[in-house]
Every structure is written in C-alpha cells, then in structure tokens.
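Close look at the chain arrangement
One-letter residues, chain by chain:
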Amino acid sequence: MYDKTALIDHLLTLVDLQPSGALLDVGCGDGQMLFAASNVFGSSSFFGIDMMPAPIQRAESLSRGESRLSFVIHDVDEGLPCPDGAFDYILCCNVLECIKRKEYLLREMHRVLNAAGKVVISHFDYDTIVFNVTNRDGYRKILHAYSDWKQPWMGECDPWTGRKLWGILNRVPGLFVGEMKSFVLHETEYREGAKGYSFVKEELRDLVKHGAIAPQEYEAFSADVENAVRNNEFFFSINLYTFVGRKVESRACGSESTTTSR
Ligand SMILES: C[S@@+](CC[C@H](N)C(=O)[O-])C[C@H]1O[C@@H](n2cnc3c(N)ncnc32)[C@H](O)[C@@H]1O
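Fair warning: this is a prediction, and the values are worked out from it, not measured in the lab. (Residues numbered from 1 in each chain as written. Predicted model: local features only at pLDDT ≥ 70, side-chain atom pairs only at ≥ 80, totals over all residues. Heavy atoms only, no water.)

A few words now on the packing of aromatic side chains. If you walk through the whole model with that rule in mind, you get twelve aromatic pairs. For the ring pair phenylalanine 131 and phenylalanine 221, a centre distance of 5.3 Å and an interplane angle of 85 degrees mean the geometry is edge-to-face. On the criterion of sequence distance, the pair formed by phenylalanine 131 in strand 5 (residues 113-131) and phenylalanine 221 in helix 8 (residues 215-230) is long-range, its members being 90 residues apart. A relative accessible area of 5% means that phenylalanine 131 is categorised as buried. Their ring planes at 80 degrees and their centres at 4.7 Å tell us that tyrosine 146 and phenylalanine 199 sit as a pair that is edge-to-face. Of the two residues, tyrosine 146 sits in helix 5 (residues 136-147) while phenylalanine 199 sits in helix 7 (residues 195-210), which places them 53 residues apart along the sequence. (Phe/Tyr/Trp six-rings, centres within 6.5 Å; stacked < 30°, edge-to-face > 60°. Helix = DSSP H or I, 4+ residues; strand = E, 2+ residues; numbered from the N terminus. Buried < 20%, exposed > 50% of the residue type's maximum accessible area, 1.4 Å probe, protein only.)

Among the 16 residues in the neighbourhood of the ligand, the closest are listed as Lys4, Gly27, Asp50, Asp75 and Cys93. In this structure, lysine 4 approaches the ligand through a side-chain N or O atom, which is 2.6 Å from an oxygen atom. Take methionine 51: an N or O atom from its main chain is 3.2 Å from a nitrogen atom of the ligand. When the ligand sits alone it has 590 Å² of accessible area, and the protein chains cover 88% of it. (Near = heavy atom within 4 Å. Polar contact = N/O pair within 3.5 Å; in protein donor to acceptor, adjacent residues only side chain to side chain. Areas by Shrake-Rupley, 256 points an atom, 1.4 Å probe, with all protein chains shown as cover.)

With that settled, the discussion passes to the sheet that holds strand 5. With mixed pairing, the seven strands of this open sheet are ordered in space as 3-2-1-4-5-7-6. Bordering the open sheet on either side are strand 3 (69-73) and strand 6 (176-187), each of which pairs with just one other strand. Put simply, the sheet's adjacent strands are angled 15 degrees from each other on average, direction ignored. Relative to strand 7 (residues 236-247), strand 6 runs antiparallel, the two sharing twelve bridges. Looking at strand 7, one finds that methionine 180 is bridged to phenylalanine 243. Each of strand 2 (45-50) and strand 3 is contacted by helix 3 (residues 53-62), which is oriented at about 160 degrees to strand 3, the strand it contacts most. Helix 6 (residues 161-170) rests against strand 5, strand 6 and strand 7 of the sheet, and its axis sits at about 150 degrees to strand 5. (Pairing = 2+ DSSP bridges. Axes fitted to C-alpha atoms, helices over the stretch in contact; angles between N-to-C directions. Contact = heavy atoms within 4.5 Å.)

Turning our eyes to something else, we now look at the confidence of the model for the protein chain. Looking at the protein chain as a whole, the pLDDT averages 94, with 95% of positions reaching at least 70. This model gives residues 252-262 a pLDDT under 50, and the stretch forms 26 contacts once residues within four places in sequence are excluded. (pLDDT = per-residue confidence, 0-100.)

Next up, the structure:
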C-alpha cells in the first residue's frame with residue numbers, strides 16, 4: 001500500500017463541492033479519498049461504493065460515529081444503487097479500466113447526478129511508469145508484464161485507460177462536457193509508503209508469484225533500482241489523466257457535444 005496523499009490532494013483541487021453537497025466515490029477502495037474530502041468539505045455528505053468487502057469494512061470501521069460518511073459493497077458493472085439526481089459530485093479514480101460495461105457506468109453516473117452535477121474521472125496510464133534504471137530491456141519487459149497483467153479481481157484490464165479516457169467519454173456523447181487534466185506523480189525518494197517503492201516491493205513480487213516474470217528478472221530489476229538509490233539517481237513517475245466535466249441535462253442531449261471544453 002502506498003501513501004496516496006499527493007494523488008488525493010491533486011484530485012481534490014479539481015473539486016468545488018458546495019456546503020451541504022453530496023459526493024459519490026465510485027470504486028472507493030478503503031475510502032481514503034472520501035476521508036480526505038470530508039476534511040476539506042465540512043458539511044457535505046460522502047458515499048463510497050466498492051465491490052470488495054475488505055476495504056469497505058475497513059472504511060466503515062474508520063468512519064464509525066461519523067454520519068456524513070457511508071459505504072456500500074456493490075459491483076458497479078451492475079449499475080449504481082442510488083436514486084436519480086442524488087449527487088452533486090462523482091469521483092472515480094483508477095477504476096474504469098476494470099469495468100466491463102464502461103458506457104453503461106457512465107450513463108449511470110449521469111443518472112445519479114443532479115442537473116448541475118459534476119464528475120472527476122481519472123486514471124493512471126500504466127505504460128507511462130518510469131524508473132531511472134540502467135537495464136532498459138529488463139525494465140521494459142517488467143513494466144509491460146505488469147501493465148498487461150489482469151489481476152484476479154479485475155473485470156477487465158487495459159493499462160492504457162488513462163490515455164483512452166477522453167475517447168471513452170466521447171463514446172457516449174451528450175452525457176458530460178468537460179476537459180482533460182494531467183498530473184505527473186513523481187518521486188525522488190525510495191522509501192516505504194512511496195508508490196515506486198510499493199510497486200517494486202509488493203506489486204512486482206505479486207507478478208513473480210503470478211508467473212509473469214521470472215524471480216531472477218525481478219531480482220535484477222530490484223537491484224538496478226537499489227543501485228540507482230545508492231548513486232542518488234533514483235527517479236520514479238507515473239502519469240494520471242483526468243476528465244473534469246459537468247452533466248449535460250437530458251433535454252440538451254444531442255445539441256451539446258461531449259468534447260466541448262470550457
Ligand atoms: C486501483 S483501486 C482504486 C481505489 C480508489 N479509487 C483509489 O483511487 O484509491 C480500484 C478499485 O476499484 C474497485 N472495483 C473494480 N471493479 C469494480 C466493480 N465492478 N464494482 C465496484 N468496484 C470495483 C476495486 O475493488 C478497487 O477497490
């Protein structure tokens with residue numbers, strides 16, 4: 001697990017939830033984004049949905065006694081278990097790649113937003129992961145093996161969902177108008193809690209267990225990274241792409257293009 005503070009801080013700069021507003025996080029994991037949002041937007045209410053019981057149970061226990069936060073276990077490929085027009089804002093970070101029925105989920109987001117509702121939908125592009133190492137071939141092999149790895153909990157896997165986000169939104173014209181933003185998460189320190197560190201120590205180790213790379217390939221890559229650390233040359237980065245938009249009201253569908261920026 002890595003510390004998501006930098007990512008969350010960036011995403012919350014894209015949100016201007018009004019007092020007493022309602023915010024939905026689709027695929028909220030253990031609710032870190034919602035906890036942070038609840039500190040920034042005091043009097044609003046926060047609702048998180050995720051299909052995995054363990055993170056939702058963790059979120060529920062952390063939010064005990066805080067009536068502004070609520071969580072539900074639900075597979076959003078089946079739609080959103082929420083009434084029409086219930087929310088002012090929807091956040092959805094690093095989830096869309098897993099969703100089989102992406103267009104249906106976007107229609108569901110449109111349905112549960114109120115007339116002035118807004119969306120912040122973001123995704124890493126996993127093929128933009130950068131490590132400053134010496135063995136380019138080893139790095140490329142490992143990175144591509146990781147990017148293309150459909151983990152057991154994922155309905156789908158597309159490491160390019162970040163760069164495809166604008167196009168995915170444009171497949172369902174008339175739902176949202178907005179623009180793309182980008183953010184580079186970069187790190188110069190290799191330490192516990194950092195994304196690059198957890199990538200090497202946790203995610204790539206899982207990749208070895210899964211059989212997608214050989215143990216010696218992992219060991220060579222890990223040694224290459226640690227050598228860069230020793231030489232004070234460590235650098236890691238990954239790009240996050242985000243669609244920031246607002247709901248197009250149904251009566252305007254067809255007359256307002258999804259690709260209109262403002
Ligand atoms: C990479 S994590 C991102 C979690 C969180 N949004 C964040 O940025 O920290 C992806 C999350 O999406 C959830 N997820 C994937 N497919 C889902 C589905 N069909 N329905 C609900 N949640 C889903 C996973 O359980 C996981 O918690």
